[in-house]
Amino acid sequence: MVTIFYGLDFTDSFFHINEALHPVNDDYRFSFLLSSIFIKAVSGLFGDQLIWFRMINGILLLIPGVISFFYVKRKMDIIQSLLYGTILLFISSSLNTNILGFDTFSTLLLSLIFFTSLDYLEKNSVAKILLLSFLTVAAILTRFPNFVVLLVISGFLFYDERNSNLIKTKAFLKPVFYLLFSMFLTVLVYSLYYSDFVLVIKEEFDIAGHETTHLLKNYLNDFYKLIAISLYFLTSYEVFKFCAKKVRKPELVYIPFFIIQLLISFGIASLTKYNFTLYFVSIVLSFAVIFFKEKKSNFPNREFIILILYVICMFVNPFGSNTGLIKASFLFILFPFIAVILKPTRIKFWVGTLIVTCFLGITNKVLIPYEDANFLKLNNSVNIPKLSQIRTQGERSDYLEDVDKEIAKLLNEDINPYFYGSKSHIFNYLYPFASINIKDFNQDLMNSEINPKMQRLMKSKEKIAIFLTYKYPENSYYTDLSALEERLLNEGFEKISKGKILYYIRN
């Protein structure tokens, strides 16, 4: 949890908070309605300081691991329980990007759906189907692409009913009931919240950033990486198995083997620019391949159903995401649980791999916090109340404080400030009155098609200053004029450049 005090991005964290606290037209986005409602509730209970959002996010990411611990604690002694708990803490810290948003809520809800499905396998009942429906609806309301869960759980229920019901036609009853009831509840909630639900959906899909070709390209790029890293783990497993068979005391092999694995993993990390998210997913895929290979004579049984359901649930989070497959890693928090309950042939290989992974994950967290500098360089706090507990690199803290002073100066001169650019989200959080209320996450200055709201602002008669923030201050450089800047100059604005600060003013 100590990592919640370090590192400061300007984008994702504040995009979600802004959508919750200051939604455009006072309507929450339908694609993550419930996520925004929850963030708003957090703000109402604790305040709008960034540290509270980060603290709640860290707790929510721990909940799936805590639930899994109570499932398996009877199967472990004290030492094993301590090791299990420690691994969970390290994995949770490695996965935590300090962003309270739909990814965190989606991960929690998918975990609850997974555990409820396991309970249903033990003893099915209508009450558990109803619970699955409510959890599914919550998952969809939290992140709309999660609607694929409807198909996943319907298939799961059908398979279970097909195996246990002698009358084949009855196998459709429960899955169809679950599907229709969940869809009814989802449409009902949307219809009650939005006066024109169909129009809201159309507007949402018109927002740029999730084009199909772009999504597929990112999926394919990550898919190739997953295959490559998975082949490494499959090879490592075969080497481990060979060495264990050839040596009288296999325990003598473990330490040197995992030291070598650690060194190789650092090499993989450097090639992937220390992005361990796909590394985590590759471990799960390798585990699944090996488990199917070694236990195929028992297929299909309860263990296979659990593993298949887990792997499918992992890939729900990246569905519809323009970041490729990396978000599949969020459910890696449940992998220790899977390894314990499925009892693979060589559990020590997976325990060792998890320990190596934890070390790598924390090392990565120290070397490269999310969108900030090396952990050792995060020595500066920001003298702005909403950010005061967070430490970041000096250039960012200086830049934020300088902008804060400039905003105060402009307001004293009765000039209204506004912010535009892909790094404007943090400023919309700090100064809600300065938001242009643009829904797009990416705000490109080079785009020749100026946003309609920006056009209206430029043509207004009020005294305004438009800050342009499209890069982090440590990387900022302004050379050639962007399309937007040329338009601003043509509209009679004056360019003001003060160090890293750039804005256009019209008195």
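Residues numbered from 1 in each chain as written. Predicted model: local features only at pLDDT ≥ 70, side-chain atom pairs only at ≥ 80, totals over all residues. Heavy atoms only, no water.

## Section: the environment of Glu449
With respect to the secondary-structure elements, Glu449 resides in the loop between helix H17 (425-430) and helix H18 (452-459). Under the relative-accessibility criterion, Glu449 is labelled exposed at 66%. For the pair Glu449 and Leu484, spaced 35 residues apart in the sequence, the C-alpha separation amounts to 8.8 Å. (Helix = DSSP H or I, 4+ residues; strand = E, 2+ residues; numbered from the N terminus. Buried < 20%, exposed > 50% of the residue type's maximum accessible area, 1.4 Å probe, protein only.)

## Points about helix H14 (residues 335-342)
Most of H14 sits out of view: 7 of its 8 residues are buried. What H14 keeps buried is the set Phe335, Pro336, Phe337, Ile338, Ala339, Ile341 and Leu342. Within two residues after H14, Lys343 carries a phi angle of roughly 50°, on the positive side.

## Looking at the sheet that holds strand E3 (residues 416-420)
Sheets are built from strands paired through backbone hydrogen bonds, the pairs being either parallel or antiparallel. The mixed open sheet is built from 4 strands, whose spatial order is E3-E4-E6-E5. Two strands in the sheet have a free side with no partner beyond their single neighbour: E3 and strand E5 (494-498). Strand-to-strand twist of the sheet, defined as the mean angle between neighbouring strand axes without regard to direction, takes the value 25°. Two elements, E5 and strand E6 (residues 501-506), share 5 bridges in a ladder whose sense is antiparallel. Its bridge partner lying in E6, Ile496 is registered against Tyr503. (Pairing = 2+ DSSP bridges. Axes fitted to C-alpha atoms, helices over the stretch in contact; angles between N-to-C directions.)

## Brief notes about the packing of helix H13 (residues 302-314) against H14
Packed helices, taken two at a time, are described by the angle between their axes plus the distance between the axes. The N-to-C vectors of H13 and H14 enclose an angle of 170°; their axes lie 11 Å apart at closest approach. With respect to H14, the axis of H13 lies roughly antiparallel. The residues of H14 that touch H13, namely those facing Glu303, Ile306, Leu307 and Tyr310, are Phe335, Ile338, Ile341 and Leu342. (Parallel < 35°, antiparallel > 145°, perpendicular 65-115°, else oblique. Contact = heavy atoms within 4.5 Å.)

## Remarks on the confidence of the model for the chain
Atom-level detail of predicted coordinates should not be read off regions where pLDDT is low. Averaged over every residue, the pLDDT of the chain is 85; the share at 70 or more is 91%. When the elements of the chain are averaged for pLDDT, helix H9 (residues 197-206) gives the smallest value, 64, and helix H6 (residues 126-142) the largest, 95. (pLDDT = per-residue confidence, 0-100.)

## Side note on helix H8 (residues 173-193)
Across its 21 residues, H8 extends 30 Å between first and last C-alpha, which sits within 8% of the 30 Å expected from 1.5 Å per residue. Within the sequence span of H8, burial applies to Pro175, Tyr178, Ser182, Leu185, Thr186 and Tyr190. Each buried residue of H8 sits inside an arc of 125° when the element is viewed along its axis, so together they form one side. Projecting away from the buried face of H8 at angles above 90 degrees are the exposed residues Leu173, Leu180 and Leu192. (Expected span 1.5 Å × (residues − 1). Arc of directions from axis to C-beta.)

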